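Each chain is listed here by its residues.
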There are 2 protein chains.
Amino acid sequence: MSKALLLQNVRPWGAEATDMLIRDGRIARIAQGQAADGADTEDGAGAILLPGLVEAHTHLDKSLWGMGWRPHQAGPRLIDKIDTERRLKTQWNIDPHRQSMRQALLSLSHGSTAIRSHVDIDTEIGLAGFEGVAQTRDTLKGQVDIEIVAFPQSGMMSRPGTAELMETALANGAEVVGGLDPCGIDRDPKGQLDAVFALAEKHGKPIDIHLHEPDELGAFSMEMILDRIRAHGMQGQVTISHAFCLGMADRARAHGLMERLAEEKVFIATVATPSRPVPPAAELRERGITLCAGSDGIRDTWGPYGNADMLERAMLLGLRNNFRTDPDVEHALWCCSYGGAEVMGLEGYGLTEGSAADLVLVDAEAVAHAVVAHPPRRLVLKGGAVVARDGQTLTEAP
Amino acid sequence: MSKALLLQNVRPWGAEATDMLIRDGRIARIAQGQAADGADTEDGAGAILLPGLVEAHTHLDKSLWGMGWRPHQAGPRLIDKIDTERRLKTQWNIDPHRQSMRQALLSLSHGSTAIRSHVDIDTEIGLAGFEGVAQTRDTLKGQVDIEIVAFPQSGMMSRPGTAELMETALANGAEVVGGLDPCGIDRDPKGQLDAVFALAEKHGKPIDIHLHEPDELGAFSMEMILDRIRAHGMQGQVTISHAFCLGMADRARAHGLMERLAEEKVFIATVATPSRPVPPAAELRERGITLCAGSDGIRDTWGPYGNADMLERAMLLGLRNNFRTDPDVEHALWCCSYGGAEVMGLEGYGLTEGSAADLVLVDAEAVAHAVVAHPPRRLVLKGGAVVARDGQTLTEAP
């Protein structure tokens, strides 16, 4: 058991300043004016205290972070990016372990204490991506929780052998079954979705499917997913990532889909992409559909943007959804914290006594201010232990 | 005449490292390995050298920067924001001089050496906004160029007396005639546009009109503006800000408008708003239409976002336009620099010998890297003099 820690003068989710005693990795007591009683102390200086942020959609295996600037090469289509990436992985030696260590620590420096990462599995790279990220997951255990989605980035039905590789990854500790554009990429929606749900059922694991397909094509694939959730009784265990079709112009059609998503307790993951239609956060909230958020790829062969800061992501989510009031901006941050925790099923997540002491301190006047200004994090705790300070992790990246 | 300055080891727009001699406020010589010959020296450490960034669309008179966090109050409609702001200006004492000083220096800290600011003129505040910002313009002369647009934020035809106040502002040094949603706000497009063009003609000044009107309504107003540019021979002197209608779903209609915009040499100003259709940067570039960019309001009664960083704005413009290659990301920055300079008619703008020495140094590996990472500016020069260093202006904000 580590020594107790007293966080003094902190404002949980922007509330009145208080002290928070942390013991055995949990929030033991929240009350103002507590005596240290031998505990270590940290002066919060009135900073906002947030639960550890949740990076709920990213690709740890493919970032180029720390590899020097490499101009973007891929063409405009989705398949161009997939093919270019497969080529450059070898050519540029994008080592999945090294790169996932770099990105995971970058996330942690910004206060993300949990990460769901899709990891490419295909017949060329095989399980190397999975193994590299699994090594990072194990190395950083106790600092950041990493969940791995076995992700058929290059197609599943169109690349025989991929499903078998995914099965091996699931048997060896991948936590989630992935999927990708069953029409757009695989050209076999029934085949892919049946295979994905069969893997999930066999291994007793949840599902997270990338669905970039827009408009009516995306709606069609989404309905096929919804049918299978119902048939397999997988309510509350399926995430649809991107779900661009929910931003379609035909709002009545989108609302019909949302009704079914709510019924089947589907989670939606978004990046708040500014250049594409996105699931409207307010409409999902009204219907009780949990929205989580992620950075997607960070400075990789897909695009040059990203910095793994989920407070900045909350700002982008707010901007994309035209959120201006404090409650709305706070909701954007909710998606980047509580929403992600719900999707990942994080145990004891929150800011109440008994919660896991995964915490972030940010110097800001209000929660919405923390979002729009996203200053460097004063302190990041994981299970009550300091893991980052003043925007720097204590563990150095390779 | 100030002492000469030798910038050593800098990379102009990402090119090979060189030295740049600055004398009498201008770039005197660009060549590697120059001797200082008594000039002061600055070690650029291989940083990227950019021309001073251009904030081409903002509202210096209304920021709440430095006034403490104030939750957003306005309702969702444009008119709610206009009315709420008029009320809060007095209630919160949003002093136009103090606030414009704060924002202009914030801009300068991020390397913007020229700012076009719309400034509210209405029958309640009268010319107080104009006078406050004009005082800032004069106070900061030599550090940042500020151009004032006499802007009828609360309507022109619908508020009799406004045009007369605008006329006084123009007579007293406002540089540009403003306008706003001639249908949506004034309900009298012919009346407002005739009045705006008459003021421009009488005072020999350019025009910059806010046009939020979407789709076919915006197209209608845009055509009325285009007709008057032709009639008044004002080619190359009119900017349309926002121009959301150019992002309309009917691309053939939008392309027709773009053809006329190119013919009349109209400039477009954008904020790259993620929640609204926006003028597509690549389509404008293809047609030779100059696009400039701005922050719009910064943490004001209109919304909580913004930080006046035009490198970050270039990133948002890139994200909004799905720009990924280095040339595309560089074009986003071009809009935030050269594009704005063209719109503002800045004399001697650029990075060649003879250009004005308005310069920014950024630590980055490539221009596109500077955009996506937008680190604090190493150095900002205005007319060859250091005005900001390591993200801090030498002049302190009030």
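Within each chain, residue numbers correspond to sequence positions counted from 1 in written order. Labels follow written order: the first chain is A, the first ligand is 1, and so on. Since the coordinates come from a predicted model, pLDDT governs what is reported: local features require at least 70, and pairs of side-chain atoms require 80 or more to be given and counted, while whole-chain, interface and lining totals use all residues. Only hydrogens and water are set aside; all other atoms, that is, all heavy atoms of the structure, feed into the side-chain values.

S.K.: I'd like a rundown of the domain arrangement of chain A, residues and numbers included.
M.R.: In many analyses, interface size is given as the accessible surface area lost on bringing the parts together. All names here are of chain A. These domain limits were set by an automatic method or by a database of domain assignments. Domain parsing of chain A yields domain 1 (5-51 + 351-391) and domain 2 (53-344). Centre-to-centre separation of domain 1 and domain 2, based on C-alpha positions: 30 Å. Working rule for contacts: check all heavy atoms of both residues, and any pair within 4.5 Å makes them a contact. Facing 21 residues of domain 1, the contacting portion of domain 2 comprises 22 residues. The buried area of a pairing is the accessible area, by a 1.4 Å probe, that goes missing from both parts when the two are put together, added over both. For the pair domain 1 and domain 2, the summed buried area comes to about 1,800 Å², and 67% of that belongs to carbon and sulfur atoms.

S.K.: Which residues make up the interface of chain A and chain B, and what are the values?
M.R.: Opposite the 30 residues of chain A that make contact, chain B presents 30 residues. Of the roughly 2,800 Å² buried between chain A and chain B, counting both surfaces, carbon and sulfur atoms make up 62%. Counting the surface chain A buries against chain B, the share from its top three residues, Trp-69, Tyr-305 and Arg-324 of chain A, is 28%. Throughout this description, the term salt bridge denotes a Lys or Arg side-chain nitrogen within 4 Å of a carboxyl oxygen of Asp or Glu. Counting across the interface, chain A meets chain B through zero salt bridges. Polar contacts, as used here, are pairs of N or O atoms within 3.5 Å; protein pairs need one atom able to donate a hydrogen and one able to accept it. Residues neighboring in sequence count only if both atoms are side-chain atoms. Taken together, the connections running from chain A to chain B amount to 12 residue pairs in polar contact (both at pLDDT 80 or more).

S.K.: Go over empty space enclosed by the protein, please, and point to the residues and values.
M.R.: For cavity detection a 1 Å grid was placed over the protein atoms alone, and a set of points counts as a cavity when a 1.4 Å probe fits there but cannot get out; an open set counts as a pocket when protein lies on both sides within 12 Å along at least five of seven lines, with lining residues being those that have an atom within 4 Å of a point. Grid points are joined across faces, edges and corners, and a volume is the space filled by probe spheres set on the points. Tallied over the full model, the rule gives three cavities of 30 Å³ or more. Roughly 100 Å³ of volume is contained in the largest cavity. For this classification, the nonpolar set comprises Ala, Val, Leu, Ile, Met, Phe, Trp, Tyr, Cys and Pro, the charged set comprises Asp, Glu, Lys and Arg, and every other residue, Gly included, is treated as polar. When its residues are assigned to classes, the lining of the largest cavity shows six nonpolar, five polar and three charged. Lining the second largest cavity are Arg-324 of chain A together with Leu-64, Gly-68, Trp-69, Arg-70, His-72, Arg-299, Asp-300, Gly-303 and Pro-304 of chain B. Broken down by class, the residue content of the lining of the second largest cavity amounts to three nonpolar, three polar and four charged.

S.K.: Can you explain the pairing of strand β13 (residues 359-362) of chain B? Please cite residues and give values.
M.R.: Residue and element names in this part refer to chain B. Here the term buried applies to any residue with accessible area under 20% of the maximum for its type, exposed to any over 50%, and partly exposed to those in between, with areas from a 1.4 Å probe on protein chains only. Labels follow the DSSP assignment, with helices taken as runs of H or I lasting at least four residues and strands as runs of E lasting at least two, numbered in each case from the N terminus. Residues Leu-359 and Leu-361 of β13 are buried on one face, and the alternating residues Val-360 and Val-362, pointing to the opposite face, are buried as well. Taken together, the four bridges between strand β4 (residues 40-51) and β13 define a ladder with antiparallel strand orientation. Bridged to Leu-49 within β13 is Leu-361. Two elements, β13 and strand β14 (residues 379-382), share three bridges in a ladder whose sense is antiparallel. Across the sheet, the residue bridging to Val-360 is Val-380, located in β14. Between any two strands, at least two bridges found by DSSP are needed for them to pair.

S.K.: Provide a residue-level description of the nonpolar core, including the pertinent values.
M.R.: Here, nonpolar core means buried Ala, Val, Leu, Ile, Met, Phe, Trp, Tyr and Cys residues that are tied together by side-chain atoms lying within 4.5 Å of each other. Ranked by size, the top nonpolar core spans 173 residues in total, and within it Met-222 and Ile-268 of chain A together with Met-222 and Ile-268 of chain B carry the most contacts. Beyond its immediate chain neighbours, meaning those up to four positions away, Ile-268 of chain B contacts Thr-239, Ile-240, Ala-243, Leu-246, Leu-261, Pro-279, Leu-284, Ile-289, Thr-290, Leu-291 and Cys-292 of chain B.

S.K.: Give me the lowdown on the UniProt feature "domain: Amidohydrolase" (unreviewed entry) in chain A, citing residues and values where you can.
M.R.: Per the UniProt record, "domain: Amidohydrolase" (unreviewed entry) is annotated on residues 152-387 of chain A. Segment residues 152-387 of chain A splits into 42% helix and 13% strand. End C-alpha atoms: 33 Å apart. UniProt positions are given in the numbering used here, feature names are shortened, and annotations may be inferred rather than shown by experiment.

S.K.: Which residues make up the sheet that holds β14 of chain B, and what values go with them?
M.R.: Strands pair in a sheet through their backbones, by hydrogen bonds, and they do so in one of two ways: parallel or antiparallel. Residue and element names in this part refer to chain B. Read across the open sheet, the eight strands follow the order β3-β2-β1-β4-β13-β14-β15-β16; overall the sheet is mixed. Because the sheet does not close on itself, it has two edges, and the strands there are β3 (26-30) and β16 (392-393). As paired elements, strand β1 (residues 5-12) and β4 share seven bridges and run parallel to each other. Looking at β4, one finds that Arg-11 is bridged to Ile-48.

S.K.: Can you explain the environment of Asp-186 of chain A? Please cite residues and give values.
M.R.: All names here are of chain A. Checked against the element boundaries, Asp-186 lands in the loop between β8 (176-180) and α5 (189-203). The exposure class of Asp-186 is buried, given its relative accessible area of 5%. Taking C-alpha positions, Asp-186 is 8.7 Å from Ser-154, a pair spaced 32 residues apart along the chain. If we skip the residues at most four places from it in the chain, Asp-186 touches Gly-155, Met-156, Met-157, Ser-158, Asp-181 and Gln-192. From its side chain, Asp-186 meets the backbone nitrogen of Met-156 in a polar contact 3.0 Å long.

S.K.: Now, about the packing of α5 of chain A against helix α6 (residues 215-232) of chain A: what can you tell me, with residues and values included?
M.R.: Residue and element names in this part refer to chain A. Axes here refer to lines fitted to C-alpha atoms; in helices the fit is confined to the stretch in contact. Angles between the N-to-C directions go from 0 to 180 degrees. The N-to-C vectors of α5 and α6 enclose an angle of 35 degrees; their axes lie 11 Å apart at closest approach. Crossing handedness for the pair α5 and α6: right-handed. In contact with Pro-189, Lys-190, Leu-193, Asp-194, Phe-197 and Glu-201 of α5, α6 contributes Phe-220, Ser-221, Met-224, Ile-225, Arg-228, Ile-229 and His-232. When its residues are assigned to classes, the contact of α5 with α6 shows seven nonpolar, two polar and four charged. Crossing handedness is defined as follows: a turn of the near helix away from the far one that is anticlockwise and smaller than a right angle gives a left-handed crossing, while the clockwise case is right-handed.

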